[in-house]
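# Working through the structure, step by step
Here are the chains, one letter per residue:
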Amino acid sequence: MVIAAIDPILWSEAIITKWDASAALVAIVPDVWFDHAEQGATFPYCVFHEIDVVPDHIFGGASVENVRVQFSIFDDDGSHALISSAVAQLYLAFDSATLSLSDATRYTHMEMQRLSERPPRWAAENVWQADIDYRVRFFRTAS
Amino acid sequence: MAALTGDTGLVTWTGANYDTNVFDWTADIEQGEHDVTVFASTPPTWRTWTPGKIRTFTGTFQAYMDDTTIQTAPDAPETLETVTMRLKGAVTISGTGFVRRLGLKVNIDDKQTVTYEFRGSGTLSFNS
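Residues numbered from 1 in each chain as written. Chains lettered and ligands numbered in written order. Predicted model: local features only at pLDDT ≥ 70, side-chain atom pairs only at ≥ 80, totals over all residues.

### A few points about the overall build of chain A
Of regular secondary structure, chain A possesses 3 helices and 5 strands. Secondary structure elements in chain A, listed N-terminal to C-terminal, are α-α-β-β-β-α-β-β. Taking 143 residues into account, the globule formula puts the C-alpha radius of gyration at 15 Å, and chain A, at 16 Å, falls close to it. Expressed as a percentage of its 143 residues, the buried residues of chain A come to 27%. A separation threshold of at least 6 residues defines the contact pool for chain A, and within that pool the share at least 24 residues apart is 60%. (Helix = DSSP H or I, 4+ residues; strand = E, 2+ residues; numbered from the N terminus. Rg over C-alpha atoms; globule rule 2.2 N^0.38 Å. Buried ≥ 20, exposed ≤ 12 C-beta atoms within 10 Å, placed from the backbone. Contact = placed C-beta atoms within 7 Å.)

Have a look at this one:
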């Protein structure tokens, strides 16, 4: 039996909801997109990606889905102060956060843990970029 | 005929023993033996053996801890229980036994796991 990995739509919606719930984060970075930003996005903004999904299988068909998510924040300010503040607010909003999934019958959020940070740097296109990776775990019941 | 993989394995354990979210199991079945070596008139002598009459089995299984079902202490029911280890479908190994060791591992960076060790008592059946 082939079981597809967790649909990114499920958890990406939950991440955007969590983002929007943080007034301090939204005050700095109002716009966040999954996978790619819209053309002409206003700085600073954030894009998050799915790096990979690694399932830990359990007898009987259940599994723990380990999703690695990368947040990339971009800013064109002259200083890195603003993007550094955005990163700090991202930590406050997402470290050990609980995500609410729309499909709660099949998946249960277990944890959200920060794995790594690539601090703000002056990247290509003359913008600041910071990359933060999280591991998000979900428990999937047997089908 | 094809080689089996572990993706359809399972452990079930009767009584109050914990068997939720199990992801691996082992069974160790030992056959007794007797050394019946007779020294040769000229060296060397190679040892010879005969199968004993006593068998025994032990086993382990590991599971991810459940957030609602609490783990049970070793041999919580204080009786012999039936443990069934499934290889695939109806292919199972089963017998009675008791849990003799419970190991808990909590790691901030990983899932929490529990390891049970059990000792069998009586016959171990191979079913297909």
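Okay, back to it.
### Observations concerning the confidence of the model for chain A
Averaged over every residue, the pLDDT of chain A is 92; residues scoring 70 or more account for 98%. Ranking the elements of chain A by mean pLDDT puts strand β4 (residues 107-123) of chain A last with 90 and helix α2 (residues 23-28) of chain A first with 97. (pLDDT = per-residue confidence, 0-100.)

### Section: the environment of Thr98 of chain A
Residues and elements named next belong to chain A. Mapped onto the fold, Thr98 is located in the loop between α3 (81-94) and β4. When the 10 C-beta atoms within 10 Å are taken as the criterion, Thr98 is described as exposed. Considering only alpha carbons, one finds Thr98 and Pro30, 68 residues apart in sequence, at a separation of 21 Å.

### Topic: the interface of chain B and chain A
Contact with chain B, which involves 9 residues of that partner, is made by 6 residues of chain A. A class-by-class count of the residues in the side of chain B that touches chain A yields 5 nonpolar, 2 polar and 2 charged. (Nonpolar A, V, L, I, M, F, W, Y, C, P; charged D, E, K, R; others polar.)

### Quick word on the environment of Glu78 of chain B
As for its position among the elements, Glu78 of chain B is in the loop between β3 (49-64) and β4 (81-88). Here Glu78 of chain B falls in the exposed class, since 9 other C-beta atoms lie within 10 Å of it.

### Observations concerning the pairing of β3 of chain B
Residue and element names in this part refer to chain B. As paired strands, strand β2 (residues 22-35) and β3 are joined by 12 bridges and run antiparallel to one another. Looking at β3, one finds that Glu30 is bridged to Thr56. Here 7 bridges tie β3 to strand β6 (residues 113-127), and the two strands are oriented antiparallel to one another. Paired with Phe61 across the two strands is Tyr116, which belongs to β6. (Pairing = 2+ DSSP bridges.)

### A few points about the sheet that holds strand β1 (residues 10-13) of chain B
All names here are of chain B. Pairing is antiparallel in the open sheet, where 6 strands are placed in the order β1-β4-β5-β6-β3-β2. Both edges of this open sheet fall to β1 and β2, since each of them pairs with a single strand only. Between one strand axis and the next, the sheet turns through 30° on average, direction left out of account. When strand β5 (residues 91-105) meets β6, the two strands line up antiparallel, connected through 13 bridges. Bridged to Ile93 within β6 is Phe126. (Axes fitted to C-alpha atoms, helices over the stretch in contact; angles between N-to-C directions.)

### Examining the nonpolar core
Across soluble globular proteins, nonpolar side chains have a tendency to be buried as a group. Core analysis: the largest hydrophobic core is formed by 30 residues, its most contacted members being Trp11, Phe71, Ile73, Val87, Leu90 and Val136 of chain A. For this core, the secondary structure elements donating two or more residues are α1 (8-20), β2 (45-57), β3 (63-75), α3, β4 and β5 (127-140) of chain A. When residues of this core are assigned to their parent elements, the largest contribution, 7 residues, is made by β5 of chain A. Residues contacting Val136 of chain A, with those up to four places away along its chain left out, are Trp11, Val67, Val69, Leu99 and Met112 of chain A. Core analysis: the second largest hydrophobic core is formed by 18 residues, Trp13, Phe23, Trp25 and Val99 of chain B among them. (Core = buried A, V, L, I, M, F, W, Y, C linked by C-beta atoms within 7 Å.)

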